[in-house]
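Descriptive analysis of the structure
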Amino acid sequence: MNFQLSEDHIAIRDAARDFAENEIASSAVERDKTGEFPYEIVQKLGELGFVGMMVSPEWGGAGLDTVSYTIALEEIAKIDASVAVIMSVNNSLVCWVIETFGTDEQKERFLRPLATGQKLGAYCLSEPGIGSDATQQATTAALQPDGTYVLNGAKNWITNGTTADHYIVFAQTDASKKHHGITCFLVDKGMPGFEIGQKEDKLGIRSSDTCSLGFTDVRVGPERIVGSVGQGFKIAMETLNGGRIGIAAQALGIASGAMERAIRYSFERHAFGKPINQLQAIQFKLSDMQVKVEAARMLIFRAARNKDLGLSYIKEAAMAKLYASRIAMEVATEAIQVHGGYGYVREYLVERALRDAKITEIYEGTSEIQHIVIARQLLKEYEKS
Ligand code: CAA
């Protein structure tokens, strides 16, 4: 067992840190206010290989491991969690699906441009009436006599929703088979009947783009099915297992960024005749933050490493997301407390950490769903033994 980062991992961390500090930080505050999407940053992330990090070089990706991906995501999220989620969705919810389940033709046509940042992807599972209870997909894809499918329905809370080019869409092809009748499709922006809703005005991750989507008689050919007919729900779940590692890393970055700001501030701010970090009340807060951040990082590395080794990572990914998102809220709250009144205003950045942290307890499976996933896996392990 080795707890040290390899030289390659350190190089990736430094490259991501450098990029975040030099290319993302300067516009993060303004984009949080305006909600403007970071087009240029995403393009540069693509050029650096950060949007197709785990995709094989054969398809234009960087061919890196999942541990590298989490290290890069933490660094990006420390500076701007909005950029981190754009990157996470494209990597783990879109590229991974196509590379794992797609045909070579789909990889050439869709994966290559997505992995190199020429195109952006979105993952569409949630619906207006269906979030956690994801087996109940109401969007339908009806098989036509000519072999094409006609999609009807709506999707909600879609990250990269207005900005994506290609959409992974789950739809019911045979309702009688329940979740075994769900199929995964690739849909493109601009297809007739595919309507993109207004960008949502959110509490946090404000410069990432979230919207609802409508499908009215959208006709797609069978060559746009990812995997096989009826395999869609399994694909959706397996994709989210990996996605949860990404969101955990995003949450970790929010937490470690807030912690670092609190530490720096604690040297500058004086009270009772000394820097506040000489007060035990503040030392307790800083030490608690450090323990939580480090524990979250270990859970994330464990999940990522299991994935890289081909071991099961369902429970590990859920544990990493559950814990990292919880401590992101706690650390951000305490970072504000260390800053006192200054923490409550935008200038000191830690209030954004709290607003950004909240969504990590909701998307890619709420904390309540992570509890269910962990408990089910745990009980299965005990049943076997
Ligand atoms: N990995 C692999 N397979 C899984 C799985 C997992 N984590 N969880 C469930 N499955 C499989 C089961 O093995 C089962 O397969 P079979 O029927 O073939 O045996 C099938 O899925 C159905 O599972 P259950 O019988 O356990 O169904 P359930 O309804 O009791 O529970 C659930 C399902 C776990 C609650 C699931 O619906 C779920 O994960 N819900 C949360 C959905 C979610 O995370 N949504 C996030 C939206 S995406 C997003 O946020 C993206 C974004 O833009 C940022």
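No experiment lies behind these values; they were computed from the predicted model shown.

Conventions used here
Counting restarts for each chain, with residues numbered from 1 along the sequence as it is written. Two thresholds apply to this predicted model, a pLDDT of at least 70 for residue-level local features and 80 or more for giving and counting side-chain atom pairs, whereas whole-chain, interface and lining totals are computed over all residues. Excluding hydrogens and water, the side-chain figures rest on all heavy atoms present in the structure. The helix and strand labels rest on DSSP assignments: H or I over at least four residues marks a helix, E over at least two residues marks a strand, and numbering proceeds from the N terminus. The criterion used for residue contact is that any of the two residues' heavy atoms lie within 4.5 Å. Strands are labelled as partners when DSSP assigns at least two bridges between them. Only residues whose relative accessible area exceeds 30% and that form no salt bridge are eligible for patches; like-charged ones are grouped when within 9 Å, while nonpolar side chains (Val, Leu, Ile, Met, Phe, Trp, Tyr) are grouped when within 5 Å. The method behind every accessible area is Shrake-Rupley, applied with a 1.4 Å probe, and residues are considered shielded solely by the protein chains displayed. Each reported salt bridge corresponds to a side-chain nitrogen of Lys or Arg within 4 Å of a carboxyl oxygen of Asp or Glu. Residues counted as positive are Lys and Arg, residues counted as negative are Asp and Glu, and His and the chain ends are not counted. In this description, the location of a charge corresponds to atom NZ of lysine, CZ of arginine, CG of aspartate or CD of glutamate. Only protein chains enter the accessibility calculation, which uses a 1.4 Å probe; a residue is then buried when its area is under 20% of its type maximum, exposed when over 50%, and partly exposed in between. Note: domain ranges come from an automatic or database domain assignment. Summed over both partners, the accessible area (1.4 Å probe) lost when two parts come together is defined as the buried area. For the purposes of these results, a polar contact is taken to be a pair of N or O atoms within 3.5 Å, where, inside protein, one atom must be able to donate a hydrogen and its partner to accept one; residues adjacent in sequence count only when each atom of the pair is a side-chain atom. Residue polarity follows a fixed list, in which Ala, Val, Leu, Ile, Met, Phe, Trp, Tyr, Cys and Pro are nonpolar, Asp, Glu, Lys and Arg are charged, and the others, Gly among them, are polar.

Describing the side chain of Glu74
- Of note, Glu74 is situated in helix H3 (residues 66-79).
- Ignoring anything within four residues of it in the chain, the contact list for Glu74 reads Ala249, Leu252, Gly253, Ser256 and Arg297.

A few points about the pairing of strand E2 (residues 140-143)
- One ladder, built from four bridges, connects E2 with strand E3 (residues 149-159); its direction is antiparallel. Each bridged residue has a counterpart across the sheet, and for Ala142 the counterpart in E3 is Val150.
- Between E2 and E3, which pair antiparallel and follow one another directly, the connecting turn spans five residues, one of which, Gly147, has a positive phi of 90°.

So, a positive patch on the surface
- A cluster of basic residues, Lys234, Arg376, Lys380 and Lys384, forms a positive patch on the protein surface.
- When residues in the positive patch are grouped by element, the largest group, three residues, is from helix H10 (residues 367-384).
- Taking the relative accessible area as the measure of exposure, Lys234 reaches 56% and is therefore exposed.

Considerations on the domain arrangement of the chain
- With domains assigned, the chain is organised as domain 1 (7-120), domain 2 (122-228) and domain 3 (234-384).
- If you look at the interface, domain 1 gives 27 residues, while domain 3 gives 33 residues.
- Interface area for domain 1 against domain 3, summed over the two sides, is near 2300 Å², with a carbon-plus-sulfur share of 61%.
- Looking at the side of domain 1 facing domain 3, the largest losses of area belong to Asp32, Glu74 and Lys78, adding up to 23% of the total buried there.
- Taken together, the links from domain 1 to domain 3 amount to four salt bridges.
- Close ionic contact of Glu260 with Lys78 constitutes a salt bridge, the shortest N to O distance being 3.0 Å.
- Run the count over domain 1 and domain 3 and you get eleven residue pairs in polar contact (both at pLDDT 80 or more).
- Contributing elements (two or more residues each) for the side of domain 1 that touches domain 3: helix H1 (7-34), H3 and helix H4 (81-101).
- Of the residues in the side of domain 1 that touches domain 3, the class split is 17 nonpolar, four polar and six charged.

A word on the pattern of salt bridges
- All chains considered together, the criterion is met by 23 salt bridges.
- Across the pair Arg17 and Glu75 runs a salt bridge, and its minimum N-O distance is 2.9 Å. Taken together, the positions of Arg17 in helix H1 and Glu75 in helix H3 put the pair 58 residues apart, joining distant regions of the chain.
- Given the relative accessible area of 29%, Arg17 is considered partly exposed.
- Among the residues examined, Glu75 registers a relative accessible area of 4% and is labelled buried.
- Asp32 is paired through a salt bridge with Arg346; the nearest N and O atoms lie 2.9 Å apart. Placement of Asp32 in helix H1 and of Arg346 in the loop between helix H8 (314-339) and helix H9 (350-359) is noted, with a sequence separation of 314 residues between them.
- Here the salt bridges do not stand alone but share partners, grouping Arg17, Glu75, Lys78, Glu260 and Arg264 into one network.

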